[in-house]
Amino acid sequence: MFDHVAPCGRCGGSGAEPGTGTVTCPRCHGSGQQRVSQGAFQFAHACSQCGGTGTIISSPCSVCSGQGGSPKTERINVRIPAGVDTGSRVRVAGKGNAGSPGAPPGDLFITVQVSSHGIFRREGADIVFDLPITFAEAARGAKIEIPLPGGGKTLLTVPPGTQGGQKLRLKGKGFPRLKSKTAGDLFAVIKIRVPKAPKGEAADLLERLDRVLDMDPRKGLW
Ligand SMILES: [Zn+2]
Ligand SMILES: [Zn+2]
């Protein structure tokens, strides 16, 4: 939805009542110039009645009074090309303000503002999102159903031994690149979720697991 000076619906922007045309300007007799004398000097400037065109509208349009356009709020559908980012400008030809009577209207420029998404973050042509998994899924590997930015879902393979913070890539599932047939990638950033204060059987199993695994994640660090 936008406001602009639209070409007049009755005269189509010419400013002349339909069926009538232009006549030679009576003030300058078609020369488009007016002469003024000031002492010994003579100056020429654009005719005040016709604006220098030499012609005037014989009967001004009854709707726009010869202005050729009128303020209008309009709602139009605009095709936004795939791959635009915040700040991209999209041109809509002929939807700008009407020019002077008889001139074609200008263009409408739309500045794109890409709104943020609850799940996906944009990094250039790539899209990044957090994928929470359990430590069992991380250790053993898993096939996890994930949403796709363009809609729909797909199965992502989390390989065994996946670490927290690791990025799993789905090639070509990011944003299409402007003026290119290629697309960015989709990255799932692994977030390992651990149970909060496990008790009973879970606590026993974890203790046993720790003993059986016998791993030292800080080995060699300090
Ligand atoms: Zn004139
Ligand atoms: Zn008009």
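Before going into details, it helps to say that this report is about the structure given with it.

1. Side note on the overall build of the chain
Argument step 1. On a plain count of helices and strands, the chain comes out with two helices and 14 strands.
Argument step 2. For 222 residues, the compact-globule estimate of 2.2 N^0.38 gives 17 Å, and the C-alpha radius of gyration of the chain, at 35 Å, exceeds that figure by more than 25%.
Argument step 3. By its C-alpha atoms, the chain is 110 × 40 × 35 Å across when sized along the principal axes.
Argument step 4. Residue burial in the chain is summarised as follows: out of 222 residues, 13% are buried.
Argument step 5. Pairs at least 24 residues apart make up 55% of the contacts formed inside the chain by residues separated by at least 6 positions.

2. Structural notes on the nonpolar core
Argument step 1. Core analysis: the largest hydrophobic core is formed by eleven residues, namely C8, C11, A16, C25, C28, C47, C50, I56, I57, C61 and C64.
Argument step 2. Discounting chain neighbours no more than four positions away, the residues touching C61 are C8, R10, C11, G15, A16, E17 and G66.

3. Some details on helix 2 (residues 200-213)
Argument step 1. A rise of 1.5 Å per residue sets the reference length of helix 2, with its 14 residues, at 20 Å; its end C-alpha atoms lie 20 Å apart and thus fit the reference within 8%.
Argument step 2. Positioned one or two residues after helix 2, D214 has a phi angle of 45 degrees, which is positive.

4. Concerning unusual backbone geometry
Argument step 1. One non-glycine residue, S65, adopts positive backbone phi at about 55 degrees.
Argument step 2. Note that S65 resides in the loop between strand 5 (55-57) and strand 6 (69-74).
Argument step 3. By C-beta crowding, S65 is classed as exposed, having 11 other C-beta atoms within 10 Å.
Argument step 4. We note that A197 has phi near 40 degrees; this positive angle belongs to a residue other than glycine.

5. Section: the environment of G164
Argument step 1. Within the element layout of this structure, G164 appears in the loop between strand 12 (153-158) and strand 13 (167-170).
Argument step 2. Note: C-alpha distance between G164 and G13 (151 residues apart in sequence) is 64 Å.
Argument step 3. If sequence neighbours within four positions are ignored, G164 has contacts with I190, K191 and I192.

Conventions used here
- Residues numbered from 1 in each chain as written.
- Chains lettered and ligands numbered in written order.
- Predicted model: local features only at pLDDT ≥ 70, side-chain atom pairs only at ≥ 80, totals over all residues.
- Helix = DSSP H or I, 4+ residues; strand = E, 2+ residues; numbered from the N terminus.
- Rg over C-alpha atoms; globule rule 2.2 N^0.38 Å.
- Buried ≥ 20, exposed ≤ 12 C-beta atoms within 10 Å, placed from the backbone.
- Contact = placed C-beta atoms within 7 Å.
- Core = buried A, V, L, I, M, F, W, Y, C linked by C-beta atoms within 7 Å.
- Expected span 1.5 Å × (residues − 1).

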